[in-house]
Structures are given as structure tokens and as C-alpha cells.
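Here is how the chains run, residue by residue.
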Amino acid sequence: MIRFRNLAFGLLLPLVAVVVFAVLLAFSLVRMIEIENAMRVEAEENMLWVLHQSEVAARRLAETAALIDLGEADTDDLALRFDILKGRVAMLNDGPQRRFVEEIGYDDELEQIAASLNAVAPIIAGFSPGDGVRLRAALEPVPRLFGRAANKAMIADWNDLGGRLETHRAQLRQITVFLVGIMVAGGILAAILGGALRQSRQRNMMLRRSQDFSTLLISSSGEGILAVDRVGLCTLWNKAMVGLIGKSAEQVVGRPLIEIAGFFDLAPLRTGVARALDGDTWQLALQPLFGEKDAEPRYVDLRFFPMRNEGEVIGAILFLHDATDRHAAQQREAEDRDRLEDLVAERTRDLDDALRRERSAADLYRNFAAMVSHQFRTPLAVADSALQRLIRRGARAEPGEIVERADRARNAIAGLTRLVDSTLDAARLDAGQLGAQRVRCALEEIVRTVCTRRREAAPERAIHVRRASQDSDVVFCDPAHVEQILENLLSNAHKYAPPETPVSIYLHDDVQNVFCDVHNTGNPIPEAERERIFDRNYRGTNSMGTAGTGIGLFMARTLARMQGGEVILQPGREGVTFRMILPRFDAVPA
Amino acid sequence: MLMGAAAQAGMDKVILQVTGEITGSAVELDRQTLDALPQVTLETSTVVTDGTHSFTGFLVRDLLERLDAKGELVIATALNDYVVEIPMADFYDFEVIVAYGMDGEPLPRNDKGPLWIVYPRDDYEVLQDIRYDYRWVWQLSHLEVQ
């Protein structure tokens, strides 16, 4: 309904008004042209004057005839006056004048006048005194006839004029009505035009407002917004873009996007713009945007939209959202996750270690039990058998034999004591009760003392000691601990080397340390076990069948480290070499 | 030359008198003298006749120039004492003639002759107006230059 009313007001009414306007205008024009044509007053209309002149000419002819009688005029004058009158009559008989005369019904009279003039022509041609009376009598009715014709002409003229004026008035009234109609139609048109103008102004204003609002939104947006036209030239560049790319709107508007910054020449960007220009919406996340050289890149999320005008794509619009913070947060999250994973792995490792230690503790007790059952039993058996023999011999026993048996028993007991000591040492070490009393020592002396003791315990085993130079064995150490380390290393060498082979000790040094290499010819220790043999209670594969606690090397390394030294297994395939490293006395800061 | 011709033809009938601001203040011209002026033919309709007619005569400006006429106005008088004022400009703006013949025949005195001022009415729309129609003086006898 409203739509129909709009159509009626918007189109039909102005159309009707225009048609009415045009028709009325055309009618007015026709009327006015009619009036204009009627206004052309022709000379023929002036018949009153012509007839009056004719009457005057007739009277003057008669007058001249009279004057001749009086002797005041001549025949030439008479001929002139006659010609003038004839000229008038000739004129009245000509074209338009003749038609008018016929119209007013005076053509017979005109014929009569012409006949009279023809009748008097001979009198005038051969005028003699005395003809005047005759001539005047002959001309007597002519002026009267002209006068009456003039009357009639006047009446006809006025009637005609009256009729014409009446017609003009009617036509003017019509024109007035038409003009009023034209004014009404014009008024309607003007009103419609005014309404349309006002409406258009209002629409323009609304459009401008929404445009201003859009401009405000775009310019104050924190997101970078840019637009390109159909061929990829930049048409819009807001303030946030200036911050992101570092170029002002004046520098970029009207230029191809790929010339503005290398960023826009990247394949994903080019694809996005192309897709938006094809009418698709597209987006990219966390695209790195490199600014100044060496500066950290920013990360932006991009959204591409086509711009349409009545369905047709006229360009593309891009939104760039600075997602650097989000990217950083993601990075941090990933790092935290990695760290957490490391931590979990570490903890797992610790737990594994604890578990292994727990197991090794269980092994320790088991080994300890085995060791006790084996190691302790042997010296006890040795002492017991020596003492049994002494008892059996009784008084028969010779003093030398008694001493020998007693010594064997004592030695066995001494070994047992050492075994107990070392076990206790390990326990003390675990309890943190073992400290180092470091003093200046000559290493070779300690070596010799230990070697002497070893030779007594195992006289069949040869031990060779040699040193690189005479004066380089002064170390800073706890001599008791160093003795213990050497004891352990030598006892190991004795245990694992074939019985007839010697054990060699080699002392040498460098600027920092003094080295003591203990070498035996036993089977090399497999690569996989080289570090593990220093673990507590670990027993290598080649220790099978050999008595031991798996504590010796662990103790040796721990004690060496307590003094700033170290015990390592030297690489090499020739036998087995353990090296004890101790700091030189003069290399230790006071 | 015109003066001489007029003097020589003293016996002939004078048909046009010219007076006023001209050489010698007054001249009387007979038919022969007027024939000596360049002849012009003009085809036009008139308001007192039907159809168009061919008029022969001379240009008024030719006559006025011969007589060295100086003025703004020419007062034309007919035999029946009909008098009109004609602006001098008419003769220079339009080819106004004094006709002595119509359709090849001389104009008789008893029918608009012997001289008739004729405007080129058909050639100029402005001349189709009653304010020009009254300047067509027939039975012309006298011109006074003012």
C-alpha cells in the first residue's frame, strides 16, 4: 500500500503535472499566436481614410471646375484634380480595396461613380467656359456616395473591431485560465521537486554521517585496516597501519600493495588478496611481520574480505591484528611445557635412581650376608685350624711351630679386622662421619709402606714401584685415606691378575697433580662397565667367582675426591690401570 | 549633370521637385532626367494590390547622393497634398526606390503615377508593418530634405 502510494507520489503525480503543464502551455501558445496574427492590422483596414480622401478628391475636382468658371484656375489644374480622383477610384477597384467595397455593399455605387467619371472625361478633355455647371451637375452625387460609403466603412470597421476585441478578450480569458493551470501544475512540480530535494538532502546527510562514522571507526581502530581497489592499488590506510608498517597514508595510497612493503609480496598475502578480490573471505594467523633490521618480528593475524557494490566485487579490505603478545604467550607456554617435561624427566630419573639405590641397598645386604658368610668364614677357619693344630700338638709343639701357627691365626684375624673396618668405613662414609685430615705428605713413602705390607700378606706377588723424577711426589692429602686407596687398588690388582704376574706402580706428576698408576695384567674391563665399576656394590662381570664386597673402588674414588683428587680407570687394552690423582702440595692455594 | 539635364529639358513637364538641404537648395526634375539615374528593378507585393509586381525606377539614395543631400529626414508630398516624414536612414538601410513603371508599363498619373515610393517589402520582414506602409507615397510630387 505504502509502496503504491510512493509510486503514485513519486512518479505518477509529476508525470501528470508535466503533461498538464505541457498541454496548457501548447494551448496558450496557440491562442497567443492566433492573437498575434489577428493583431497584424493591414492597411486595407484603413478604408475610412481612403474613402474620405476619395471624397476630398471629388469635392476638389468640383471646386476646381467652379474656380475655372471664376477664372481662378486653368484646365491643367482641372486635369490634375481629375487624375487624382481617377487614381482614387482606380485604387478602390484594386484587390483588397475592391473586396472591402463589395463587402459593405457599395460596389454598385463604385460602378456608378466610375461611369460618371467616364461620362465627364470628354468634358474635362475639351473643357470650355460654361461646361462648369454641367460638370458640377455630373459630379454632384460622387462626394455624397463616397461620404455614405465612408459612414458604412466606419460602422463596418467598428463592428469588426468590436468583434475582434471580444474574440481577443475571450482568448485572453482562456490564456489566463491556462496560465493558472500552468501555475498550479508548476506549483505541484515545484513542490515535488522541493520534496525530492529535501529527501535527497536528508539522505545525503545520513550518508555523510554514516561515512563520517565509518571513517572515525576505521581511523580509531586498533586493528590495521587497508583497502585495495580492483587492480590492487591501495585506497585506504588507517593510523594503526602506519604503526604496523611504518609508512604514512600519503606514501601508500594509490600505489600497488606489493610495492608498499615486502610483507605484502609474500605468497600467502598475495593469495589472500587474490581470493578476496575473487569474492572469498580468507584469513591467516600469526604471520611474522619483519620491521626494522634486526628487530624482533611482530606477529599479525590477517583477515581478508571482498568489498562489493551491488553484488560486484570492487576491491578488498584487509584487517591486520597485532598478535605479537599472543604469539609470545604461546611461545612461553611451549617453553614452560618443555621445562616441565624436563623437570618431570629429571624427577623420574631421580626416582629411578632412588629406586636403583633402594635395590642396590637390598643388594648390599644380600652381598653383605654372602660376604660375611664367605669372607669372614675363611679367616675364621684359618685361625681355627691353626689354633686346633696347636691344641692337638699340645706339649709336642715346638716353639717355632707355635709362633708360626699363632702368626697365621693372627694374620687371619687381622684380615678379618680390616674387613670389618672397611665395612665400617663404608658405613661411616654413608653416615658422613668420615673426614679428611689433609697434610703435606711424600707420596712415595706411603706407597712403599703399603707395598711392604702387601708383600707380607702376599709374598708370591711381585710389586714394582718406579717414579718419573726424584722430587715431585709431595702431595696435600690425608695419609690414612691414601693408604686405604692404595690398599684397595693393590688388593684389586692382586685379586684379578693372574698369580705369577707382577703389579707395577708408576709415580709421575704435572704442574697441578701427582699421579699414581697401578697396573696389573688382568683382563681389560668391558667398555660398558668402565664407569659403573665405581658404583657402590657394583661388581663387574669378570669378578665372578672372586670374593669382594663391591665397595673397594667406590671407597677409593670417594676418599680421593674428599681430598680434591680422583681415581679413574685409564683407557687401554693392555691389562688394567687405575690412576690415583692427588693435588700437588705446592699447587694448593694457601 | 542633373541640373544641366533639368535646365536643358525645360520644355518637358517637371514631375518631381526636390528642395531643402541639397545642392542649390531646389531642383525640378523631369522624366528624362530621372531616366538618367541607374535603373533598378524591384519585385515585391504591396498592401493596396493583389499579388507581387515588378517595379522599375531608381534608388532614392542614388538621387539624394547626386544632389549631395545632407539631413536626417525627407518630407515626401503627393499630388493630393498627402505628406509623410521619412527618415533618411530608410534609404540607406533598404533598397527603397522611386518607381516610374510597374510590370513593364509606365505608371499613369491617374493611377498612382507618375512616381511611387516603393519599399522592398518582401525582402525585409521589418518592412511588413503599417508604420512602413504609410511611407509608400504614390502620385509623388515633392521631396524636401531636412
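Residues numbered from 1 in each chain as written. Chains lettered and ligands numbered in written order. Predicted model: local features only at pLDDT ≥ 70, side-chain atom pairs only at ≥ 80, totals over all residues. Heavy atoms only, no water.

Chain A is annotated in an unreviewed UniProt entry as histidine kinase from Qingshengfaniella alkalisoli. According to the UniProt record, the Catalytic activity (unreviewed entry) comment for chain A reads "ATP + protein L-histidine = ADP + protein N-phospho-L-histidine." (UniProt positions renumbered as here; feature names shortened; annotations may be inferred.)

Caption draft 1: Quick peek at the overall build of chain B. The number of helices and strands found in chain B is five helices and 10 strands. The 146 residues of chain B split such that 53% are buried. Taking the contacts inside chain B whose residues are at least 6 apart along the sequence as the reference set, 60% of them involve residues at least 24 apart. Only carbon and sulfur atoms are counted for the fraction: they give 50% of the accessible area of chain B, which is about 6,700 Å². (Helix = DSSP H or I, 4+ residues; strand = E, 2+ residues; numbered from the N terminus. Buried < 20%, exposed > 50% of the residue type's maximum accessible area, 1.4 Å probe, protein only. Contact = heavy atoms within 4.5 Å. Areas by Shrake-Rupley, 256 points an atom, 1.4 Å probe, with all protein chains shown as cover.)

Caption draft 2: Quick look at a negative patch on the surface. A cluster of acidic residues, Glu-335, Asp-338, Glu-341, Asp-342, Glu-346, Asp-350 and Asp-352 of chain A, forms a negative patch on the protein surface. Along the chain, Asp-352 of chain A falls in helix α12 (residues 324-393). (Patch = residues over 30% accessible without salt bridge, like charges linked within 9 Å, V, L, I, M, F, W, Y side chains within 5 Å. Salt bridge = Lys/Arg side-chain N within 4 Å of Asp/Glu carboxyl O. Lys, Arg positive; Asp, Glu negative; His and termini not counted. Charge placed at Lys NZ, Arg CZ, Asp CG, Glu CD.)

Caption draft 3: Representation of the side chain of Thr-501 of chain A within the structure. Residue and element names in this part refer to chain A. Within the element layout of this structure, Thr-501 appears in the loop between α15 (479-496) and β9 (503-509). For Thr-501, a relative accessible area of 19% translates into the label buried. Once you skip the residues sitting within four places of it in the chain, Thr-501 turns out to touch Arg-461 and Thr-521.

Caption draft 4: View of the UniProt feature "transmembrane region" (unreviewed entry) in chain A. Under the local residue numbering, the UniProt record ascribes the feature "transmembrane region" (unreviewed entry) to residues 175-197 of chain A. Between the end C-alpha atoms of residues 175-197 of chain A the distance is 31 Å, and the span holds 100% helix and 0% strand.

Caption draft 5: The sheet that holds strand β5 (residues 312-322) of chain A, seen in detail. All names here are of chain A. Taken in spatial order, the five strands of this open sheet run β2-β1-β5-β4-β3, and their pairing is antiparallel. Pairing within the sheet leaves two strands with one partner each, and these edge strands are β2 (234-237) and β3 (282-289). Shown here is a sheet whose adjacent strand axes are inclined to one another by a mean of 25°, direction ignored. Pairing geometry for strand β4 (residues 298-309) and β5, over 10 bridges, is antiparallel. What sits directly across from Pro-306, in β5, is Ala-316. (Pairing = 2+ DSSP bridges. Axes fitted to C-alpha atoms, helices over the stretch in contact; angles between N-to-C directions.)

Caption draft 6: Structural context of the side chain of Arg-135 of chain B. Note that Arg-135 of chain B resides in the loop between α5 (130-133) and β10 (140-145). Residues within four places of Arg-135 of chain B in sequence aside, it is in contact with Val-84, Ile-86, Pro-87, Asp-90, Ile-117 and Tyr-119 of chain B.

Caption draft 7: Region of the structure containing the pattern of salt bridges. By the definition in use, this model includes 38 salt bridges over all chains. Ionic pairing is found between Glu-223 of chain A and Arg-303 of chain A, a salt bridge with its closest N-O pair at 2.6 Å. Note that Glu-223 of chain A is positioned in the loop between α7 (141-220) and β1 (224-229) and Arg-303 of chain A in strand β4, a separation of 80 residues in sequence. Where Asp-111 of chain B meets Lys-112 of chain B, a salt bridge forms, and the shortest distance between an N and an O atom there is 3.3 Å. The exposure class of Asp-111 of chain B is partly exposed, given its relative accessible area of 26%. Several salt bridges share partner residues, and in doing so they unite Glu-444, Arg-448, Arg-467 and Asp-473 of chain A into one network.

Caption draft 8: Just the sheet that holds β9 of chain A, in detail. All names here are of chain A. Overall, mixed pairing links the five strands, which are arranged β7-β9-β10-β12-β11 in an open sheet. The sheet is open, and its two edges are formed by β7 (463-467) and β11 (566-569), each paired on a single side. Mean inter-strand twist for the sheet, computed between neighbouring axes without regard to direction, equals 15°. Sheet analysis places β9 next to strand β10 (residues 513-520), joined by six bridges and oriented antiparallel. Directly across from Tyr-506, in β10, lies its bridge partner Asp-517.

Caption draft 9: A look at the nonpolar core. Membership of the largest hydrophobic core comes to 84 residues, with the highest contact counts inside it found for Leu-135 and Phe-146 of chain A together with Leu-16, Val-18, Leu-63, Ile-117 and Leu-140 of chain B. The residues touching Leu-140 of chain B, leaving out its near neighbours within four places in the chain, are Ile-15, Leu-16, Ala-76, Thr-77, Ala-78, Val-98, Leu-115 and Ile-117 of chain B. Ranked by size, the runner-up nonpolar core spans 38 residues in total, among them Val-475, Leu-507, Val-514 and Val-518 of chain A. (Core = buried A, V, L, I, M, F, W, Y, C linked by side-chain atoms within 4.5 Å.)

Caption draft 10: A look at a nonpolar patch on the surface. Residues and elements named next belong to chain A. A contiguous nonpolar patch, built from Leu-13, Val-180, Val-184 and Ile-188 and spanning about 290 Å² of accessible area, is present on the exposed surface. Take the nonpolar patch: its biggest share by element is three residues, from α7. For Val-180, a relative accessible area of 47% translates into the label partly exposed.

Caption draft 11: Fine view of empty space enclosed by the protein. Residues and elements named next belong to chain A. Evaluated as defined, the whole model comprises four cavities of 30 Å³ or more. Roughly 70 Å³ of internal volume is contained in the largest cavity. Taken together, Leu-51, Leu-92, Val-101, Ile-104, Tyr-106, Glu-109, Leu-110, Ile-113, Leu-145, Phe-146 and Ala-149 make up the lining of the largest cavity. Residue assignment for the lining of the largest cavity shows that the elements contributing at least two residues are α5 (107-125) and α7. The residue makeup of the lining of the largest cavity, split by class, is 10 nonpolar, no polar and one charged. Looking at the second largest cavity, the residues that line it are Arg-454, Ala-458, Arg-461, Ile-463, Leu-490, Ala-493, His-494 and Val-503. For the lining of the second largest cavity, the element with the highest residue contribution is α15, accounting for three residues. Of the residues belonging to the lining of the second largest cavity, the class tally is five nonpolar, one polar and two charged. (1 Å grid on protein atoms, 1.4 Å probe; cavity = no way out; pocket = protein on both sides within 12 Å on 5 of 7 lines; lining within 4 Å. Points joined across faces, edges and corners; volume = space filled by probe spheres on them. Nonpolar A, V, L, I, M, F, W, Y, C, P; charged D, E, K, R; others polar.)

Caption draft 12: Examining the interface of chain A and chain B more closely. Listed as interface residues are 21 residues of chain A and, on the opposing side, 17 residues of chain B. Summed over both sides, the interface between chain A and chain B buries roughly 1,600 Å², with carbon and sulfur atoms accounting for 50% of that surface. The three residues of chain A that bury the most area against chain B are Asp-83, Ile-84 and Met-91 of chain A, which together make up 24% of that side's buried surface. For the interface between chain A and chain B, the tally reads four salt bridges. For the salt bridge of Asp-50 of chain B with Arg-99 of chain A, the shortest nitrogen-to-oxygen distance reads 2.9 Å. Across the chain A-chain B interface, the total number found is seven residue pairs in polar contact (both at pLDDT 80 or more). At the level of secondary structure, the elements contributing two or more residues to the side of chain A that touches chain B comprise α2 (47-70), α3 (75-92) and α4 (95-103) of chain A. For the side of chain A that touches chain B, the element with the highest residue contribution is α3 of chain A, accounting for 10 residues. For the side of chain A that touches chain B, a count of residues per class yields nine nonpolar, four polar and eight charged. (Buried area = accessible area lost by both parts, 1.4 Å probe. Polar contact = N/O pair within 3.5 Å; in protein donor to acceptor, adjacent residues only side chain to side chain.)

Caption draft 13: Broad picture of the packing of aromatic side chains. The tally for this structure, following the rule as stated, stands at 14 aromatic pairs over all chains. Between Trp-237 of chain A and Phe-264 of chain A the ring centres are 6.4 Å apart and the planes differ by 65°, which places this aromatic pair in the edge-to-face class. Taken together, the residues span a long stretch of sequence, with Trp-237 of chain A in strand β2 and Phe-264 of chain A in the loop between α10 (257-260) and α11 (267-277) at a distance of 27 residues. Taken together, the ring pairs connect Phe-55, Phe-94, Trp-116, Tyr-119, Tyr-124, Tyr-132 and Trp-136 of chain B into an aromatic cluster. The lysine or arginine in question, Arg-440 of chain A, covers the ring of Phe-585 of chain A, its NZ or CZ lying 5.4 Å from the ring centre. Just above the ring of Phe-515 of chain A sits the side chain of Arg-579 of chain A; from NZ or CZ to the centre is 4.8 Å. (Phe/Tyr/Trp six-rings, centres within 6.5 Å; stacked < 30°, edge-to-face > 60°. Lys NZ or Arg CZ within 6 Å of the ring centre and 35° of its normal.)

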